[in-house]
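Summary of the model geometry
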Amino acid sequence: MIRVKYKHLLGRPFVYGSSDCYGLARDFYRDNWGLELTDYARPDGWSDAGQNLLVDNFTKEGFKLVHDEPIHLMRPGDALLVALRSAVPNHIGIYLGDSLVLHHYQGQLSNTHPFSGIFRNMVCAHVRHPLAVLPEEKSSVQLIDLIPAHKRAEILDAINRSKTPSVQADSERQDSP
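Residues numbered from 1 in each chain as written. Predicted model: local features only at pLDDT ≥ 70, side-chain atom pairs only at ≥ 80, totals over all residues. Heavy atoms only, no water.

Next up on the list: the overall build of the chain. For the chain, the count of helices and strands is 4 helices and 6 strands. For the chain, the accessible area works out to roughly 10,300 Å², and carbon and sulfur atoms hold 54% of it. (Helix = DSSP H or I, 4+ residues; strand = E, 2+ residues; numbered from the N terminus. Areas by Shrake-Rupley, 256 points an atom, 1.4 Å probe, with all protein chains shown as cover.)

Spelled out as structure tokens, the structure:
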């Protein structure tokens, strides 16, 4: 059963730079989770030049790469970055659940496609936004995931530094007669 809103996004004509696969993703995340993704410029030939715009821009928007997670554990709202005749991802599909992906190929109307076969084999990155979670899954979102990576490292370092003296003091107390 698919529980995200997407049917209103079907059948849109393709217009590069606005109503394309990234434009579809922007509308999907806004309509389902209120996420306002930046409308980044998509210059002609960016993927041919080896620019990794999709990974870079999704990362800037707070999406995290999903590593070491079996495909069958994908969640509705996960973005699948696909390399179509390219060395870098240049297309986005959004996993809806029930093995169905929402996407928008150039020259076609936006539609859904089964997550199988050639589409599945072309996925080169799987990203997830910590706020793009269905209600019963909300307990799995951890506050630390919402903090940008560079700040998270600073916070964790500060926590570890603050724990060190008390650990040493505790061990000194245990060693005392």
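Next, the rest of the story.
Let us now look at unusual backbone geometry. The phi torsion at arginine 85 lies on the positive side, around 50°, for a residue other than glycine. As for its placement among the helices and strands, arginine 85 is situated in the loop between strand E2 (79–82) and strand E3 (91–97). Even without being a glycine, serine 99 presents a positive backbone phi close to 60°. Mapped onto the secondary structure, serine 99 falls in the loop between E3 and strand E4 (100–103). Residue classification places serine 99 among the partly exposed residues on the basis of a relative accessible area of 40%. (Buried < 20%, exposed > 50% of the residue type's maximum accessible area, 1.4 Å probe, protein only.)

The subject of this paragraph is empty space enclosed by the protein. Considering all chains together, one arrives at 1 cavity of 30 Å³ or more under this definition. Size it by volume and the largest cavity reaches roughly 40 Å³. Contributing to the lining of the largest cavity are Tyr22, Tyr40, Ala41, Arg42, Leu53, Leu54 and Asn57. Take the lining of the largest cavity: its biggest share by element is 3 residues, from helix H2 (residues 53–60). (1 Å grid on protein atoms, 1.4 Å probe; cavity = no way out; pocket = protein on both sides within 12 Å on 5 of 7 lines; lining within 4 Å. Points joined across faces, edges and corners; volume = space filled by probe spheres on them.)

Our next topic: the side chain of arginine 42. Inspection of the secondary structure puts arginine 42 in the loop between helix H1 (21–33) and H2. A distance of 2.8 Å separates a polar side-chain atom of arginine 42 from the backbone oxygen of glycine 17. Side-chain polar atoms of arginine 42 contact the backbone oxygen of tyrosine 40, separated by 2.7 Å. Dropping the residues within four chain positions of it, arginine 42 is found in contact with Tyr16, Gly17, Ser18, Asp20, Tyr22, Gly23 and Leu53. (Polar contact = N/O pair within 3.5 Å; in protein donor to acceptor, adjacent residues only side chain to side chain. Contact = heavy atoms within 4.5 Å.)

With that out of the way, let us pick up the sheet that holds E4. Read from one edge to the other, the open sheet built from 6 strands follows the order E1-E6-E2-E3-E4-E5, with strand pairing classed as antiparallel. For this open sheet the edge positions go to strand E1 (64–65) and strand E5 (111–114), each flanked by a neighbour on one side alone. Here E4 runs beside E5; their pairing, made up of 4 bridges, is antiparallel. Counterpart to leucine 100 in the pairing with E5 is proline 114. The strands touched by H1 within the sheet are E2, E3 and E4, with E3 carrying the most contacts at an inclination of about 35°. The sheet contacts of H2 involve E2, E3 and strand E6 (123–128), and relative to E2 the element is tilted by about 155°. (Pairing = 2+ DSSP bridges. Axes fitted to C-alpha atoms, helices over the stretch in contact; angles between N-to-C directions.)

Turning to the packing of aromatic side chains, a few remarks are in order. Enumeration according to the criterion identifies 9 aromatic pairs in this entry. Aromatic side chains phenylalanine 115 and phenylalanine 119 sit 6.4 Å apart centroid to centroid with 75° between the ring planes, which places their arrangement in the edge-to-face category. No difference in accessibility class separates phenylalanine 115 from phenylalanine 119, as the two residues are buried. Feature note: the residues Tyr22, Phe28, Tyr29, Trp33, Tyr40, Phe58 and Phe63 constitute an aromatic cluster, connected by ring pairs. (Phe/Tyr/Trp six-rings, centres within 6.5 Å; stacked < 30°, edge-to-face > 60°.)

Overall, the coordinates contain 8 salt bridges when judged by the stated rule. With a closest N to O distance of 3.0 Å, aspartate 27 and arginine 30 form a salt bridge. Of the two residues, aspartate 27 and arginine 30 are both situated in helix H1; the distance of 3 residues between them amounts to about one turn of the helix. A cluster of three or more residues bridged by salt bridges with shared partners is formed by Arg12, Asp27, Arg30 and Asp31. (Salt bridge = Lys/Arg side-chain N within 4 Å of Asp/Glu carboxyl O.)

A word on the environment of aspartate 98. Examined against the element boundaries, aspartate 98 turns out to sit in the loop between E3 and E4. For the pair formed by aspartate 98 and methionine 1, sequence separation is 97 residues and the distance between their alpha carbons is 6.5 Å. Ignoring sequence-local partners within four residues, the contact set of aspartate 98 consists of Met1 and Ile2.

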